[in-house]
Structure formats: C-alpha cells, structure tokens
Amino acid sequence: MDIVVYGEYYNKAMQGITDMLLEAGNPLTSFKKDRYPEAFQAYLRKHLEVLEAIEQVYQAEEEKGEGEGQKWLEKLADRLVDVTAGELERIPKKGKRSEQQINYNMILAVFLFPAVLEQKYPSAEPLTDLLVEKWNGAFKTSVGKASFEKIESGFHRKYCYITTAVCESQGKADDCYELELLRSYRDGYLLSRADGAELVKEYYNIAPTIVNRIRRSGEAQKVYAEIWERYLSPCVRLIEEGKQEACREQYMAMVYDLKGRYMA
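This section reports on the structure supplied with the text.

## Section: the nonpolar core
Among the nonpolar cores identified, the biggest contains 45 residues, and Ile54, Trp72, Leu76 and Leu112 are the most heavily contacted of them. Those elements that provide at least two residues to this core are helix H1 (3-22), helix H2 (36-46), helix H3 (48-62), helix H4 (68-89), helix H5 (94-118), helix H6 (124-139) and helix H7 (148-153). With eleven residues, H5 is the single largest residue contributor to this core. When near neighbours in sequence (up to four residues on either side) are disregarded, Trp72 contacts Tyr10, Ala13, Met14, Ile54, Val57, Tyr58 and Glu61.

Here it is as structure tokens:
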C-alpha cells in the first residue's frame, strides 16, 4: 500500500474509533424497539469509512507478519480507552461521571461492537475482543459484545412482566427511567452473556404466572414494594455504577426467589 494512502487510513481509523463512541450521544433515546434498527443502520452508515480504514491498516500490518496486525488493533483499543478516560476525568461530579460511563458502556454494547462485527472483516472479532478486555480492565465494568442481529432479535419482544408490575404499583410510567434502564441492561448486556439468554428465557416462562399469583394474593402492593427494595432498586444502582455482573446475580436471585415462592 502506498505510504500516503496508508497514512490517510491510519489517521482516519485512529480518530474515527473515538468518534464512534464520543459522538454517539445518549443511547437511551434510540435504544427502543421502534427506533433501534433505524438508529443502528444510520450509525453504521456514518462510520463505514472508519471501519474500512481499520481493516485496510490491519491488512497492511498483517502482511508484515510477526503479529503486527494484532499490535495495530491493540493501538486502537488503547487509544479508545485512553481518550475515554480523559473525557471522564474532565467531569467533576462523581454522579455525572458515573452516568456518562453508563452511556459509554451502552454505546459500546449496542452500537460500536455490533457495527464492527456487522462488516465481518477479518479484524472484527479480534478488535472487539481486545476492546472488551481493555475496556473492562480499565473501567472495572463487564461490557459484553453481541451482533446487531442478536440484539435486535430479542429487543423488546418480551414484556418485562414483574419489573413493569412493580413500577406500575409505584405510579411509574412504562417509559420511566428505571424500566428503560433495566430493559436496556437486559437487551444490551444479559442477552450478550453465555447464560444470559437462558436466564431471560426462564424468566419469561414463569413471570406471567408469578404476576398473576401475586395479584390474587391480596398483598400485591406489599409484595411489589418488597421486590423493589430487595431486588430492583439495587439492580438499578448496580447498573448505574457499571457493575453489570453484580446486577446479573441480583436478577438471578430475584427470579429464583420468586419461582420458589410462587411456582412451588
């Protein structure tokens, strides 16, 4: 490859990998059933040249041998982590910084990773693997990778029975912050984990029966308040703190506890 062309690809890729994250805005506004597919395709179109540049440099480096292609992808992953860390450090308030960290985690999980994987370039899998490793190591999170197809196939096709019932009992709307956050966690994180899909499937197999039995118990308000305090409120807090795996454990505890109480 001509050295000038190589330089253009290199610069476009290095700048573009950070733009793909930092210029994406708030993911919660578009991570909805009726908006996500179109939003993702628009995101993908916007960054096609960046993805091509990444692959072109990767191929040029691979031709050199000695693991140069992998070293190039490590540079990209390190740059994204370093630039993001700098952006977060500029946010003085811890709460706002934590909120922005959650936004970045979601953008990675539901836009950046799927966009990289969608092109099916040889660099796609190793790059996303490196990004997952370096991102989670730097920010103490548990962001996972998933393709657009996998995320979209399970996106809002199931009703959050128990969570919605609990929120309704507290006068919260169907699009309230807590429900949107928990749905996004389900679709963006849980479904990308090895055992997440099975856990969600089990939840939807038993949740409608549990909700019906709680409603017939005559103590629905009391039970829902208990579920909120014991499980859902801590889950929301853990997601906000970037502790997705701890939230998964809390989620599992809720499913198995309610299963034992109402399905025995």
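## Considering helix H8 (residues 161-169)
With respect to burial, H8 is a largely interior element, seven of its nine residues being buried. Of the residues trailing H8, Gly171 is marked for its positive phi of about 80°.

## Quick notes on the packing of H8 against helix H11 (residues 220-240)
It is the contact of H8 with H11, at a shortest axis distance of 9 Å, that shows an interaxial angle of 115°. Between H8 and H11, the interaxial angle falls into the category roughly perpendicular. Once H8 is placed against H11, the crossing between them reads as left-handed. Touching Ile162, Thr163, Ala165, Val166, Cys167 and Ser169 of H8 are Gln221, Tyr224, Ile227, Trp228 and Leu232, all from H11. Looking at side-chain class alone, the contact of H8 with H11 contains eight nonpolar, three polar and no charged residues.

## A short note on the packing of aromatic side chains
Across all of its chains, the model carries eight aromatic pairs by this definition. Seen from their ring centres, Tyr43 and Phe111 are 5.3 Å apart, and the 45° between their planes marks the pair as tilted. Separated by 68 residues along the polypeptide, Tyr43 in helix H2 and Phe111 in helix H5 bring together distant segments of the chain. A single burial state applies to Tyr43 and to Phe111, both of which are buried.

## So, the environment of Glu74
Take Glu74: it is sitting in helix H4. By relative accessible area, which is 30% here, Glu74 ends up partly exposed. Separated by 125 residues in sequence, Glu74 and Leu199 have C-alpha atoms that sit 33 Å apart. Ignoring sequence-local partners within four residues, the contact set of Glu74 consists of Leu130 and Lys134.

Criteria and thresholds
Residues numbered from 1 in each chain as written. Predicted model: local features only at pLDDT ≥ 70, side-chain atom pairs only at ≥ 80, totals over all residues. Heavy atoms only, no water. Core = buried A, V, L, I, M, F, W, Y, C linked by side-chain atoms within 4.5 Å. Buried < 20%, exposed > 50% of the residue type's maximum accessible area, 1.4 Å probe, protein only. Helix = DSSP H or I, 4+ residues; strand = E, 2+ residues; numbered from the N terminus. Contact = heavy atoms within 4.5 Å. Axes fitted to C-alpha atoms, helices over the stretch in contact; angles between N-to-C directions. Parallel < 35°, antiparallel > 145°, perpendicular 65-115°, else oblique. Left-handed = near helix turned anticlockwise from the far one by under 90°. Nonpolar A, V, L, I, M, F, W, Y, C, P; charged D, E, K, R; others polar. Phe/Tyr/Trp six-rings, centres within 6.5 Å; stacked < 30°, edge-to-face > 60°.

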